[in-house]
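# Observations on the three-dimensional arrangement
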Amino acid sequence: MKQAGKLEGLLERVRACEECAASLPMGPRPVLQIGSAARVLIIGQAPGVKVHESGTPWKDASGRLLREWLGVDRETFYDADRVALMPMGFCYPGKGKSGDLPPREACAPLWHDVLLEVMPRVSLTILIGRYAQGHYLGDRASENLTETVRAFREHLPEYLPLPHPSPRNRFWLAKNPWFEEEVLPELGQRVAGALIG
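Since the structure is predicted, the reported quantities are computational estimates derived from the model, not experimental observations. (Residues numbered from 1 in each chain as written. Predicted model: local features only at pLDDT ≥ 70, side-chain atom pairs only at ≥ 80, totals over all residues. Heavy atoms only, no water.)

### A look at the sheet that holds strand E2 (residues 83–85)
Put simply, the rule is: What makes two strands pair is DSSP finding at least two bridges between them. Runs of E in the DSSP output that reach at least two residues are strands. Runs of H or I that reach at least four are helices, and both are numbered from the N terminus. Note on definitions: angles span 0 to 180 degrees between N-to-C directions of axes, and those axes are lines fitted to C-alpha atoms, for helices only across the stretch in contact. Should any heavy atoms of two residues lie within 4.5 Å, those residues are considered in contact.
Taken together, the four strands give an open sheet; going across it, the order is E2-E1-E5-E6, and neighbouring strands pair in parallel fashion. The open sheet has two edge strands with one neighbour each: E2 and strand E6 (159–162). In this sheet, adjacent strand axes meet at a mean angle of 20 degrees when their direction is disregarded. When strand E5 (residues 124–128) meets E6, the two strands line up parallel, connected through four bridges. The residue bridging Thr-125 from the neighbouring strand is Tyr-159, located in E6. Packed onto the sheet, helix H6 (residues 130–137) meets strand E1 (40–43), E5 and E6 and runs at close to 130 degrees relative to E5. The strands touched by helix H9 (residues 178–196) are E1, E2, E5 and E6; relative to E6, the strand with the most contacts, the crossing angle is about 140 degrees.

### Examining the environment of Lys-6
Put simply, the rule reads: Only protein chains enter the accessibility calculation, which uses a 1.4 Å probe; a residue whose area is less than 20% of its type maximum is buried, one above 50% is exposed, and one in between is partly exposed.
Along the chain, the position of Lys-6 falls in helix H1 (residues 2–15). Its relative accessible area of 47% is what places Lys-6 among the partly exposed residues. Sequence separation between Lys-6 and Ser-36 is 30 residues, and the spatial gap between their C-alpha atoms is 9.8 Å. In this structure, Lys-6 is in contact with Glu-117 and Val-118, ignoring residues within four places of it in sequence.

### Let's talk about the packing of aromatic side chains
Rules: A pair of aromatic rings is counted whenever rings of Phe, Tyr or Trp (Trp by its six-membered ring) have centres within 6.5 Å, and the orientation is called stacked for planes under 30 degrees apart, edge-to-face for over 60 and tilted otherwise.
Under the definition given, this model contains five aromatic pairs. Residues Trp-69 and Phe-179 carry aromatic rings whose centres are separated by 5.0 Å and whose planes lie at 65 degrees to one another, so their mutual orientation is edge-to-face. Taken together, the residues Trp-69 in helix H3 (residues 61–70) and Phe-179 in helix H9 connect sequence positions 110 residues apart. Since its relative accessible area comes to 6%, Trp-69 is described here as buried. Taken together, a centroid distance of 5.6 Å and an interplanar angle of 75 degrees make the contact between Trp-172 and Phe-179 edge-to-face. As far as burial versus exposure is concerned, Trp-172 and Phe-179 are alike and both buried. Following the ring pairs from residue to residue traces out a cluster consisting of Trp-69, Trp-172, Trp-178 and Phe-179.

### As for empty space enclosed by the protein
Note the following rule: Both cavities and pockets are sets of points on a 1 Å grid over the protein atoms alone; in a cavity a 1.4 Å probe fits but cannot get out, in a pocket the set is open with protein on both sides within 12 Å along at least five of seven lines, and lining residues sit with an atom within 4 Å of a point. Grid points are joined across faces, edges and corners, and a volume is the space filled by probe spheres set on the points. Residue type decides the class: Asp, Glu, Lys and Arg count as charged, Ala, Val, Leu, Ile, Met, Phe, Trp, Tyr, Cys and Pro as nonpolar, and the leftover types, Gly among them, as polar.
Taken as a whole and assessed by the stated rule, the structure comprises one cavity of 30 Å³ or more. Here the largest cavity defines a volume of roughly 100 Å³. What lines the largest cavity is a set of 16 residues, among which Cys-17, Glu-19, Cys-20, Cys-91 and Cys-107 lie closest to the centre. For the lining of the largest cavity, the leading source of residues is helix H5 (residues 107–117), giving three residues. Here the residues of the lining of the largest cavity sort into 12 nonpolar, one polar and three charged.

Below, the structure is given as structure tokens:
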């Protein structure tokens, strides 16, 4: 009960955060899903417009493809006591020249460590995109996303790096067939194992 109260208070603080308010075109609306019993943690980039509007993490085309990759249904994916969803930036950062801007840099240093403390049962952390990979793998990340994902076995069992499941990445997926052949089967197995364990 004590842990539940601590988590609830922490989530209230995160959702009330206005650290970057002046820089956010649609205002602050931190979007995340955290549960103290979560076994799988997915660290993505930042919410897009649709997710900002709905307030539900990964509620877009990228989320549908991500669930396919993971081999989980919507019910499992949105069960905070099984899957935690914590982006590098909690709010929609705005549009850039070639898509959304990078995640705001303040979120991870401000909130990630305290949120990780209330999720002691996480056994697999999935790092989506180069911002999450750079932050959590540090010098162990390769010089680009493709090589980091290709070297996924080096980061197991704690971390599993993935590209972003955005429809915009269909060319990357077509160009890198090894991803579907090697990474996705391992991902599905690791996620299933973590959720059972």
